[in-house]
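Coordinate analysis (summary)
Listed below are the residues making up each chain.
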Amino acid sequence: MKAYRIEAGDEALLDVDFAGWGQAEKTLVDLAPTPLALVKEVSPFLAASEGHGAVKRLEASALHNGGVLALRLDWESGRHDRVGDLDSFVDGVGVLYPLAAGAAAVTMGAKGKPTNAWYWKAGAREPFDVLAEGFAAAQRRPGSASRLSAVARHANGKWSVVFRR
């Protein structure tokens, strides 16, 4: 996926309805459920949870203005979850960036090979920024601590989420 430079203010890049999103290259991304069985040692409760991986594909696009990167993620979902039970997933989406060569996404990196995730969850006041060096070494920060913002809209059976940093 390529992030195109566009002449726009920071606030425009965070707007789901910003006309510039029509100029962005759209990439279809096939998804697979997170292999939660891998975290059984760290979190047996999470490993036994249900409801994740319902979405099989999303559309991603990216824009930047030379100082701020914005990612837009769109997917079909008849659900519009705001609050879920403790053992089920509410609607959410994240993007994981390797911060070192060889940092594996499936394990959220490893010691000395960190990753950074941007995560939005329906009903949360702000997105999360996660720094990790493996499952058991993840540090979650509120988006405001890392200047990460997100907006979301659910309309016509579709989620649109924009991250900006």
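Residues numbered from 1 in each chain as written. Predicted model: local features only at pLDDT ≥ 70, side-chain atom pairs only at ≥ 80, totals over all residues. Heavy atoms only, no water.

All right, on to the side chain of R72 then. Position of R72 relative to the elements: it lies in strand β4 (residues 69-76). Relative accessible area serves as the criterion here: at 12%, R72 is assigned to the buried category. A polar side-chain atom of R72 sits 2.9 Å from a polar atom in the side chain of D74. Those residues within four positions of R72 in sequence are excluded, and the remaining contacts are V16, W21, E59, A60, S61, S160, V161 and V162. (Helix = DSSP H or I, 4+ residues; strand = E, 2+ residues; numbered from the N terminus. Buried < 20%, exposed > 50% of the residue type's maximum accessible area, 1.4 Å probe, protein only. Polar contact = N/O pair within 3.5 Å; in protein donor to acceptor, adjacent residues only side chain to side chain. Contact = heavy atoms within 4.5 Å.)

If you walk across this open sheet you meet the 4 strands as β5-β6-β7-β8, and the pairing is antiparallel. Taken across any chain shown, the strands that pair with only one partner, and hence form the sheet edges, are β5 (92-98) and β8 (138-142). Taking the axes of each pair of neighbouring strands and ignoring which way they run, one obtains an average angle of 20 degrees across the sheet. Direction of pairing for strand β6 (residues 115-121) relative to strand β7 (residues 128-132): antiparallel, over a ladder of 5 bridges. Each residue of the ladder has a partner; that of W118, found in β7, is D129. (Pairing = 2+ DSSP bridges. Axes fitted to C-alpha atoms, helices over the stretch in contact; angles between N-to-C directions.)

Notably, R147 is not glycine yet its phi reads approximately 60 degrees, a positive angle. With respect to the helices, strands and loops of the structure, R147 is situated in the loop between β8 and β9 (149-155). In this structure R147 comes out as exposed when scored by relative accessible area, which is 72%. Non-glycine residue N156 carries a positive phi angle of around 55 degrees. Turning to its location among the elements, N156 is positioned in the loop between β9 and β10 (158-164).

Here we come to the environment of V151. As for its position among the elements, V151 is in strand β9. Given the relative accessible area of 27%, V151 is considered partly exposed. The residues contacting V151, other than those within four sequence positions of it, are L14, V16, S160, V161 and V162.

This brings us to the packing of aromatic side chains. Applying the stated criterion across every chain yields a total of 6 aromatic pairs. Put simply, the rings of W75, W120 and W159 pair up and form one aromatic cluster. A cation sits over an aromatic face here: R140 above F128, 4.0 Å from the ring centre. (Phe/Tyr/Trp six-rings, centres within 6.5 Å; stacked < 30°, edge-to-face > 60°. Lys NZ or Arg CZ within 6 Å of the ring centre and 35° of its normal.)

Tracing the chain through its elements places W75 in strand β4. What makes W75 buried here is its relative accessible area of 5%. Setting aside residues up to four positions removed in sequence, W75 forms contacts with V55, R57, L58, G92, V93, W120, G157, K158, W159 and V161.

As a further point, take the pairing of β9. Bridging between β9 and β10 involves 7 bridges; their strand directions are antiparallel. Bridging from a neighbouring strand, A152 pairs with V161 of β10.

The topology assignment puts D129 in strand β7. Polar side-chain contacts of D129 include one of 2.9 Å to the side chain of N116. Other than its neighbours up to four places away in sequence, D129 contacts N116, A117, W118, Q139, R140, R141, S146, L148 and R165.

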